[in-house]
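So the chains spell out like this:
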Amino acid sequence: MLSVVRVHLPSDIPIVGCELTPYVLHRRPDKNISTDDVSESAPLDGQFLRYRWYRLQSDKKIAVCSVHPSEAATLQCLGCVKAKIPAFKSYHCTTKCFSDSWQHHRVLHDRAASAMNENGNEEEELFGRYNNNNNNNNSAAVTQKTGVETWLEVGRYKSYTPTAEDIGQVLKFECAVVDVETMLPVASPLTVLTSRVIPAPSPSPRRVIPVNGVDVMGKLDLDGRVSSSGTFTVLSYNILADVYATNETFSYCPSWALSWPYRRQNLLREIVGYRADIICLQEVQSDHFVEFFAPELDKHGYQALYKRKTNEIYNGNIQTIDGCATFFRRDRFAHVKKYEVEFNKAAQSLTDPATILTVQKRNALNRLIKDDVALIVVLESKFSTPTVDNPGKRQLVCVANTHINGNQELKDVKLWQVHTLLKGLEKIAVSADIPMLVCGDFNSVPGSAPHHLLARGKVEPTHPDLVVDPLNLCQPHSKLSHQLPLVSAYSSFAIKGVGIGLDKQRKRLDPTTNEPLFTNCTRDFIGTLDYIFYTADTLTVESLLELLDEESLRKDTALPSPVWSSDHIALLAEFRCKSRPRR
C-alpha cells in the first residue's frame, strides 16, 4: 500500500513569483522510501498521489513592509496612495525604515508622475506572468471549510507559484493517497502550512548614466573619417552559483532569500530588466543553464552559448559544475564563431611529454590545474550601417567571458590565466581586425598584476605579485605583455566633463585606478573583482550602468540580500563602434 510519510517546505516564507515545491516522502508498496512522484497516469497498486494547494480566506490581510518583507507594516506612504502606486510598495515597518529608504522610495513617486497611465501595466509586468503559472485548478473555485476557517483551492499541482492575490495570506499544501477507481482518499491527507505570503522585494532601478564625448584615450574624435556604426550594450554579472550560496558562507542572508527558487526569479527579473544586447554571466551551474536560463532568456529573444568548467579536480555532481554563459539578442547579432579556453589544457601543454617530471615540478604544475575556463564568441551585428570608408563591410565584435581562479594565494596562477586568455585574443585579432570586449570575474583587485596586464598591457618586473612564481611562469618578465589597446569601461566615469550624475559616480571610483570601489560586497570582503574591458581604438563608451554606493547597499546587510541575489553587482556598458580600421 502507498502511504505518505512526511511533507515539508524548502523555505519558511513564500514569496510572490517564487515557485514552491514541497518535499514529499512516501513509502511504496515494496516498503521502500522514495521522493519520486506517483501520478494518476502511472499508479502503484491502483493508488496515486494527489496534490492540492489552498489559500486561507480571510478579510484580515496583513500588510508587509516593502523594505523588510518579513516584517508587518505599521505605516503607509500617502504619496504612493495618491499616485496610485501598487499598494504593497507603500508599506513600511517603522518610521526609521521609511526615512532610511526615502531617497530610493521617492524614485517611485517620480516614475509615477511621469507615467501615470502605466501603473496597471507596471503591476502586470511585476505579477501578471505569475498568475495561472502551473497553478491550474481545472475547475471552478473550490472551497474547503475546517471549523471556522475557509480555504480556497488555488492549485492542483505539486508546485505552486504565489501570486499577488496571495500577499498577506497563509497557504496550505495537501498530499493524499487516492484510489484510482473510486478517486477517493484512502487515508487522511498530510498537510503543511506556510507563513504569510510576502511580495518579492524590488530594488530601485539602477540608471544608465551617459558619459561625455571625450575619448578615454584623452583625444576628441574630430577626425571626419571616424563615424559610428551603431551602439550596443554589454552586461557582465557573476550571479553566484547555488552550490556556493550556502547558509554557512552567507549566514547574514535570510534562508528564503538565499534559496535558489527565489534567487533565480530575482536574478532573471534583474537581468532581463537591463535589456542588454550581449549578456556575459559567470558562475552559471550546468543544470541551471539547461533548465532555466537558456529557456527563459530564449523567451526574451536571446541565443545562448555555454562553457562549463572542466572537472579534473571537481568531485561533486557534474550537473552542479558552474561555467560561463554568453547570451545575445538574435535580432541584433548573429553567431559567427565560438572558441573555448580550458586553462587546464593550457597548463598540461607546458609539460614536455618526453620529460620525466620531478616531484617538485609536478607539485608546482598542480597549482595550475584549477578547472577555470573562458568562452570567446565572435558575433556579427545586424544593425550596422554601411560607411563611405567600408561599404558593405561586416561589423564583427569579439566577446570574451571568463571566470579567473579565486584562490588569493595563487597570484601567479591568476596572472598566468589572464595572460593565456589575452594571448589567445591576440591571435584572433591578427586574423580578424575587429572590436574586442573582455568581460568577467577576474578575482583580481585593481592594481594587481592581472589588472595591470589587462589595463596597461604589461606588468612591471618589480610588481609584488611576481614574488611567488614556482613554475617560472612570469619569466622572463618581458613576456608579460600584450598588444591589445584595452581600457576598462568604467574608467570613463573618471573623465573630466559635465553630465547628470557623473560627479556622484566619480565618488564611487578609486581615484588611483579609476575603477569602481567595489563590485563584490560580502561581510568579509568588499572590493572590485569584475571588469568590462574593450579595445579603445575600435569602440567608444556611450553610457554606463550606475554604480551602487556602499552606505546604502550595506544599510541592512551585505550581499547577497533579499533585494540583490548575488554577492557581486552587475556591470553594463553601452558601446559605439568606430568604422575606422585599426592602425
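Cut-offs applied
Within any chain, residue numbers begin from 1 and follow the written order of that chain's sequence. Side-chain atom pairs in this predicted model are given and counted only at pLDDT of 80 or more, local residue features only at pLDDT of at least 70, and totals for whole chains, interfaces and linings cover all residues. In computing side-chain properties, one takes all heavy atoms of the structure into account and sets aside hydrogens as well as water. Buried means the residue's accessible area, taken with a 1.4 Å probe over protein chains only, is under 20% of the maximum for its type, while exposed means over 50%, and partly exposed covers the values in between. By definition, any uninterrupted DSSP run of H or I lasting at least four residues is a helix, any uninterrupted run of E lasting at least two residues is a strand, and each is numbered from the N terminus. When DSSP locates at least two bridges between a pair of strands, those strands are taken to pair. Helix axes use the C-alpha atoms of the stretch in contact, all axes being lines fitted to C-alpha atoms, and the angles between their N-to-C directions lie in the range 0 to 180 degrees. Contacts are residue-level and defined by heavy atoms, with any inter-residue pair within 4.5 Å sufficient. Residues belong to a common nonpolar core when they are buried Ala, Val, Leu, Ile, Met, Phe, Trp, Tyr or Cys residues joined through side-chain atoms within 4.5 Å. The criterion for an aromatic pair is that two Phe, Tyr or Trp rings (for Trp, the six-membered ring) have centres within 6.5 Å, with stacked assigned to planes under 30 degrees apart, edge-to-face to planes over 60 apart and tilted to the rest. The rule for a charge over a ring is simple: NZ of Lys or CZ of Arg within 6 Å of the ring centre, and within 35 degrees of the ring normal. One side-chain nitrogen of Lys or Arg within 4 Å of one carboxyl oxygen of Asp or Glu is enough to make a salt bridge. Seen with its strands pointing away from the viewer, a crossover is right-handed if its path from the first strand over the helix to the second goes clockwise. Take the residue count of a helix, subtract one, and multiply by 1.5 Å to get its expected span. Only protein atoms enter the 1 Å grid used here, on which a cavity is any set of points holding a 1.4 Å probe that cannot leave and a pocket is any open set flanked by protein within 12 Å on both sides along at least five of seven lines; residues with an atom within 4 Å of a point are listed as lining. Grid points are joined across faces, edges and corners, and a volume is the space filled by probe spheres set on the points. Under this grouping Gly is polar, as are all residues other than the nonpolar Ala, Val, Leu, Ile, Met, Phe, Trp, Tyr, Cys and Pro and the charged Asp, Glu, Lys and Arg.

1. A look at the pairing of strand 15 (residues 322-329)
For step 1, the next point in the chain: A large share of strand 15 lies buried, amounting to eight of its eight residues.
For step 2, the next point in the chain: Bridging between strand 13 (residues 278-285) and strand 15 involves six bridges; their strand directions are antiparallel. Counted as the bridge partner of I279 is F327 from strand 15.
For step 3, the next point in the chain: Alignment of strand 14 (residues 302-308) against strand 15, held across seven bridges, turns out to be antiparallel. Looking across to strand 15, one finds that Q303 is bridged to F328.

2. Some details on the sheet that holds strand 17 (residues 373-381)
Strand pairing in a sheet relies on backbone hydrogen bonds. The paired strands run either parallel or antiparallel.
For step 1, the next point in the chain: On the basis of which strands lie adjacent, the open sheet formed by six strands has the order 16-17-18-19-23-20 and mixed pairing. Pairing within the sheet leaves two strands with one partner each, and these edge strands are strand 16 (333-342) and strand 20 (486-488). Strand after strand, the sheet turns through a mean of 20 degrees between neighbouring axes, direction not considered.
For step 2, the next point in the chain: By the bridge criterion, nine bridges tie strand 16 to strand 17 in an arrangement that is antiparallel. When the sheet's bridge partners are listed, E342 is paired in strand 17 with V373.
For step 3, the next point in the chain: Sheet contacts for helix 10 (residues 411-431): strand 16, strand 17, strand 18 (396-403), strand 19 (436-441) and strand 20; angle to strand 19, the most-contacted strand, approximately 160 degrees.

3. Section: the nonpolar core
For step 1, the next point in the chain: Core analysis: the biggest nonpolar cluster contains 67 residues, and F232, L437 and F575 have the highest contact counts within it.
For step 2, the next point in the chain: Leave out the neighbours within four places in its chain, and L437 touches F232, V234, V397, C398, V399, A400, I532, F533, Y534, L539 and F575.
For step 3, the next point in the chain: Listed in part, the 41 residues of the second largest apolar core include V341, L365, A449 and C474.

4. Here's the deal with the environment of R523
For step 1, the next point in the chain: Tracing the chain through its elements places R523 in the loop between strand 21 (520-521) and strand 22 (526-527).
For step 2, the next point in the chain: Owing to a relative accessible area of 52%, R523 belongs among the exposed residues under this scheme.
For step 3, the next point in the chain: Distance from R523 to T249, taken between C-alpha atoms, is 9.6 Å for residues 274 residues apart in sequence.

5. A closer look at the packing of aromatic side chains
The geometry of two aromatic rings is summed up by the distance between their centres and the angle between their planes.
For step 1, the next point in the chain: Tallied over the entire structure, the rule returns 20 aromatic pairs.
For step 2, the next point in the chain: One Lys or Arg, K172, reaches over the ring of W151 and ends 4.7 Å from the middle of that ring.
For step 3, the next point in the chain: If you follow R332 out to its NZ or CZ, it ends over the ring of F383, 3.9 Å from the centre.

6. Observations regarding the pattern of salt bridges
Side chains that carry opposite charge are capable of pairing whenever their charged atoms lie near each other.
For step 1, the next point in the chain: One pass over the full model with this rule turns up 23 salt bridges.
For step 2, the next point in the chain: Taking the shortest distance from any N to any O, the salt bridge between R55 and E165 comes out at 4.0 Å. Of the two residues, R55 sits in strand 4 (residues 47-56) while E165 sits in the loop between strand 8 (149-155) and strand 9 (170-179), which places them 110 residues apart along the sequence.
For step 3, the next point in the chain: Accessibility expressed as a relative area gives 53% for E165, which makes it exposed.
For step 4, the next point in the chain: Put simply, D372 and K309 hold a salt bridge, and the shortest N to O gap is 4.0 Å. You can see D372 sitting in the loop between helix 9 (359-365) and strand 17 and its partner K309 sitting in the loop between strand 14 and strand 15, a full 63 residues away along the chain.
For step 5, the next point in the chain: In this structure K309 comes out as buried when scored by relative accessible area, which is 13%.
For step 6, the next point in the chain: Beyond isolated ion pairs, a larger network of salt bridges with shared partners links K307, K338, E340, E342 and K345.

7. Here we look at the pairing of strand 18
For step 1, the next point in the chain: Here strand 18 lies mainly inside the structure; eight of its eight residues are buried.
For step 2, the next point in the chain: The side-chain alternation of strand 18 yields two buried faces, one formed by L396, C398, A400 and T402 and the other by V397, V399, N401 and H403.
For step 3, the next point in the chain: The pairing of strand 17 with strand 18 spans seven bridges and is classified as antiparallel. Within strand 18, the position partnered with A374 by the bridge is T402.
For step 4, the next point in the chain: Both strand 18 and strand 19 contribute to a ladder of six bridges, which runs parallel. Residue C398 lies in a different strand from strand 19, and its bridge partner there is M436.
For step 5, the next point in the chain: With respect to chirality, the unit in which strand 18 leads through helix 10 into the neighbouring parallel strand 19 is right-handed.

8. Some thoughts on unusual backbone geometry
For step 1, the next point in the chain: Between Q475 and P476 the backbone carries a cis peptide bond, its omega angle lying at -10 degrees.
For step 2, the next point in the chain: Mapping P476 onto the fold places it in the loop between helix 11 (449-456) and strand 20.
For step 3, the next point in the chain: Here the bond from L559 into P560 is cis, since omega is -5 degrees, no more than 30 degrees from zero.
For step 4, the next point in the chain: By the element assignment, P560 lies in the loop between helix 13 (550-553) and strand 25 (571-578).
For step 5, the next point in the chain: Within the chain, M183 stands out as a residue other than glycine whose phi angle is a positive 60 degrees.

9. A closer look at helix 6 (residues 260-274)
For step 1, the next point in the chain: Compared with the 21 Å implied by 1.5 Å per residue over 15 residues, the 21 Å span of helix 6 between its first and last C-alpha is a close match.
For step 2, the next point in the chain: With 11 of its 15 residues buried, helix 6 lies for the most part within the structure.
For step 3, the next point in the chain: For helix 6, the set of buried residues is W260, Y262, R263, R264, Q265, N266, L267, L268, E270, I271 and Y274.
For step 4, the next point in the chain: At the C-terminal side of helix 6, R275 shows a positive phi close to 55 degrees.

10. Focus on the layout of surface pockets
For step 1, the next point in the chain: The volume enclosed by the second largest pocket comes to roughly 630 Å³.
For step 2, the next point in the chain: Y244, E283, H403, G406 and N443 are, among the 30 residues lining the second largest pocket, the residues nearest its centre.
For step 3, the next point in the chain: Along the lines of polarity and charge, the residues of the lining of the second largest pocket split into 10 nonpolar, 11 polar and nine charged.

11. Let's talk about helix 11
For step 1, the next point in the chain: Most of helix 11 sits out of view: six of its eight residues are buried.
For step 2, the next point in the chain: Among the residues of helix 11, those classed as buried are A449, P450, H451, H452, L453 and L454.
For step 3, the next point in the chain: Of the surrounding secondary structure, the elements contacted by the buried residues of helix 11 are helix 10, strand 19, strand 20 and strand 23 (530-535).
For step 4, the next point in the chain: Positive backbone phi, at 85 degrees, marks G457, one or two positions downstream of helix 11.

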